[in-house]
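# Commentary on secondary and tertiary structure
One letter stands for each residue in the lines below.
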Amino acid sequence: MGRAVEASADLAVPAPAVPDVAIPDVATSAGRVVVLVIDIAGRRIVDAGPSAAVPWAPEPPVGLSQWSEAVRLTGPDGRPFDGAGSPLTRIADGEPVSDEPVVLHASGAPAEQGGTTVRVTGFPLTGPDGAAGPTGPAHALAVLLLPDGPAHRDRLEHLRDRAVLATEMSFAISDPRRADDPLVWVNPSFERLTGYSLDEVVGRNCRFLQGPNTDRAAVHRIREALQERRPVTEVLLNYRRDGTAFWNQISLSPVQDADGELVSFVGVQSDVTERVVVEQERRAALADAEAARAQLRLLAEATTQLTAALDVADACARFARIVVPELADLCTVDLLEAPDGRSRERIAVAARDGDDDGLLDRGGPLRAPRIEDLAAAAVRAGKPYLIPELPDDGGEMLRDDPAAAEDYERLRLRSALALPLLGRGRVLGLVMLFTQFPYGRRYTQRDLHLAADLAGRAGLAVDNARLYEVERAAAATLQRSLLPALPDVPGTGVAARYLAGADGNQVGGDWYDVLPMPDGSVGAAVGDVVGHDLAAAAAMGQLRGVLRSYAWGGDRPGAVLDRCDQLVQGLDVAEMATAVYARLAPAAPDGSRVLAYANAGHPAPLLREPDGTVVRLDEHRSPMLGAVPEFGRATGASRDDAAVTCAPGSLLVFYTDGLTDIVGEDADARAELLERTLAGLPLGSTPEEVVDGMLAECLPERLVDDVALMVIRLDDAGGG
């Protein structure tokens, strides 16, 4: 030991402390036995016993690879070992080695000259107090025996016995040549580890350490290794003599004699309970953390999906798709048709296996008494309920309905949750979640809490969707009441459409109007009040009525819009609005008509002449209504009119910006699309056909803003 201390003093990094393991006191007979103490972590030989037989070996401490290179360690065939194949490397890796042959070559000897055959035996060891590193033993012992007759083999056996008795590692030896491979010897450490004495274990197979919770698969792997005569290491749950359990890391190695016959198995046992428990706790903590993350992801996804639903059926369908298959194998969503919950309408279903959707729609298999009682209790109490295990005889409970009983057997239900859909203090519906054999799990209280949270979010989404539908219906009724019924105007044909955007309440400030005048002229207007709600619709109704009254007085279009602007600002009818008002004069003898128009910030109307030419009516634009405070009064300016003569057979197209102002698209390109579409329609198209054709080509994929479109055709016969 002194050499190791002196040598390590010259190193930059201090050598690890060498365990206080006495190298057995044996006669070496000219130094034919070499004992090496290996530092496992540092892969270094930190001490060496009598080494006169290998005088060219470097003094420790020395790296294991450097020592092996210095003595030119090879296999019996003279080939160098690869890194992991050397017995010394395997011993440093914690693997017991028993009586393996290697060859040492003297320094400077020719390669073709044979070396000295050495038998290597070794094993990891701990100090006298059983201390070891955090991941296992810190040191290992390697014994090199140079052949020198039977006396040396006897000394090796004596040396090995002394070392095995001295170490804190638990050793056991069995005899595979006897029936059932019984133990023939154990060291004192085995007795201390298991509580069994030598007399109690000799003659018995080591399986007496197994118990009810021992992993059968690991036992099977050990049995296979023993049958194949190969080393094996496994961690098993074993039981001491007093019944206490411990995790046992067992390494078994076959031992053969000089003739290659299997004579024994050597087992090394280590109590690794603390390590296994720490690992199990780590895995459990990781599993809990992952489960919590999965729940948060599910809740976040549910919130995102449910808040995007605008009608009840969509909200229910989204919820069913969210929970299957993340939380359930089957899901049904019912809404109550009456407050007492006795009648329910199935709104949505979802199943892991698509073939089960039809069974859930029929509803018969879910009328089993246990399930129906659970559903009724959830509706009645407004609380979630859990059935951990559903009965296997559900089909028997449905004897009065053979088809439902057969469906129940096909579903193979295992566990169920009943969840009320609550919306602002009242039960709106019921959600049923099921797991199925063979892949479904048994629901627990943890699943119930998560499902109840999801159902609460779904209930709020359903309630909001119901309120939205009520408000939307009222808004649509108001919108229809505000839009005019198009009159029959002699000499013209008129068609119009109003389409509500997907955003808002399907009501807004877009409008159109046609007004026959007493003098035979015709007024036409289209406008858009800023906003998409009931307030915008109400302002639209007021502005439309005001424009009608001013137009009826026969004022020119620019003056009509000026007066509307003053009213908008003076009475705060609306924040802002765009509008086009046009006045079509009575027909001239040739059937033509003069169209005078004024535009307050609105998209320009289109005129398609009888030959198909499309003209954009974009002269004399002016600010939006309400956009410029005191417009006209402060500057003395007023909106000018523009005029154009329209031949018989011409088409006038008025529209709002829902067709042109699309997010992510160029407004000018959209306007050109309208013009191309109008030009491409057949010349003899009726106003209804023009409206349908333009909407078919120009309507956005998702209608966000409201759209108003009105088409006026001047008949070929001017008087009608």
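Residues numbered from 1 in each chain as written. Predicted model: local features only at pLDDT ≥ 70, side-chain atom pairs only at ≥ 80, totals over all residues. Heavy atoms only, no water.

Under an unreviewed UniProt entry, the protein has the name PAS domain S-box-containing protein and belongs to Pseudonocardia ammonioxydans.

### Let's talk about the packing of helix α17 (residues 667-680) against helix α18 (residues 687-698)
Relative to each other, α17 and α18 sit at 140°, their axes nearing to 10 Å. On the basis of their axis angle, the class for α17 and α18 is oblique. In this structure, the crossing between α17 and α18 has a hand that is right-handed. On α18, the residues that touch R670, L673, L674, T677 and L678 of α17 are V690, G693, M694, E697 and C698. Of the residues contributing to the contact of α17 with α18, the split by class is six nonpolar, two polar and two charged. (Axes fitted to C-alpha atoms, helices over the stretch in contact; angles between N-to-C directions. Helix = DSSP H or I, 4+ residues; strand = E, 2+ residues; numbered from the N terminus. Parallel < 35°, antiparallel > 145°, perpendicular 65-115°, else oblique. Left-handed = near helix turned anticlockwise from the far one by under 90°. Contact = heavy atoms within 4.5 Å. Nonpolar A, V, L, I, M, F, W, Y, C, P; charged D, E, K, R; others polar.)

### Thoughts on unusual backbone geometry
Cis geometry is adopted by the peptide bond preceding P61, which originates at P60 and carries an omega value of 0°. Within the secondary structure layout, P61 lies in the loop between β2 (44-48) and β3 (62-63). Geometrically, the link from F437 to P438 is a cis peptide bond, its omega value of 5° lying close to zero. Tracing the chain through its elements places P438 in the loop between β16 (426-436) and α14 (445-482).

### Topic: the sheet that holds strand β27 (residues 707-714)
The strand order β17-β27-β26-β22-β23 describes an open sheet built from five strands, whose pairing is antiparallel. Every interior strand has two partners, whereas the edge strands, β17 (492-499) and β23 (614-616), have only one. Neighbour to neighbour, the strand axes of the sheet diverge by 15° on average, direction disregarded. As judged from the three bridges shared by strand β22 (residues 606-608) and strand β26 (residues 651-655), these two strands associate in the antiparallel manner. Counterpart to R608 in the pairing with β26 is L651. Of the strands in this sheet, β22, β23 and β26 touch α17, which is tilted by about 150° from β23. Contacts from α18 reach β17, β26 and β27, with the element oriented near 30° to β17. (Pairing = 2+ DSSP bridges.)

### Section: the pairing of strand β18 (residues 509-516)
Counting buried positions over the eight residues of β18 gives seven, a clear majority of the element. What sits between β18 and strand β19 (residues 522-529) in their antiparallel hairpin is a turn of five residues, with G520 showing a positive phi close to 95°. (Buried < 20%, exposed > 50% of the residue type's maximum accessible area, 1.4 Å probe, protein only.)

### Some details on the sheet that holds strand β9 (residues 232-239)
The five strands lie next to each other as β8-β7-β11-β10-β9, forming an open sheet whose pairing is antiparallel. Only two strands of the sheet have a single neighbouring strand rather than two, namely β8 (183-186) and β9. Within the sheet, the average angular offset between the axes of one strand and its neighbour, ignoring direction, is 30°. Relative to strand β11 (residues 262-271), strand β10 (residues 245-256) runs antiparallel, the two being bridged by nine bridges. When the bridges of β11 are listed, Q249 appears paired with S270. Sheet strands touched by helix α7 (residues 216-228): β9, β10 and β11. Its angle to β9, the strand with the most contacts, is close to 135°. Contacting β9, β10 and β11, helix α8 (residues 273-307) crosses the sheet at an angle of about 120° to β10.

### Focus on the environment of S549
The residue S549 is located in helix α15 (residues 534-552) in this model. Spatially, the C-alpha atom of S549 lies 9.2 Å from that of V560, the residues being eleven residues apart in sequence.

### Quick word on the nonpolar core
Core analysis: the biggest nonpolar cluster contains 49 residues, and L652 and F654 have the highest contact counts within it. It is α15 that provides the largest number of residues to this core, a total of eight residues. The contact partners of L652, leaving out residues within four places of it in the chain, are L584, L595, L606, L607, L617, C646, M710, V711 and I712. Core analysis: the next-biggest nonpolar cluster, separate from the first, contains 37 residues, C316, V333, L433 and A455 among them. (Core = buried A, V, L, I, M, F, W, Y, C linked by side-chain atoms within 4.5 Å.)

### Here we look at the environment of G382
For G382, the location among the structural elements is in the loop between α11 (369-381) and β14 (385-387). Along the sequence, G382 and G429 sit 47 residues apart, while their C-alpha atoms lie 9.8 Å from each other. Discounting residues that sit within four places of it in the chain, G382 has contacts with A377, P420, L422 and V427.

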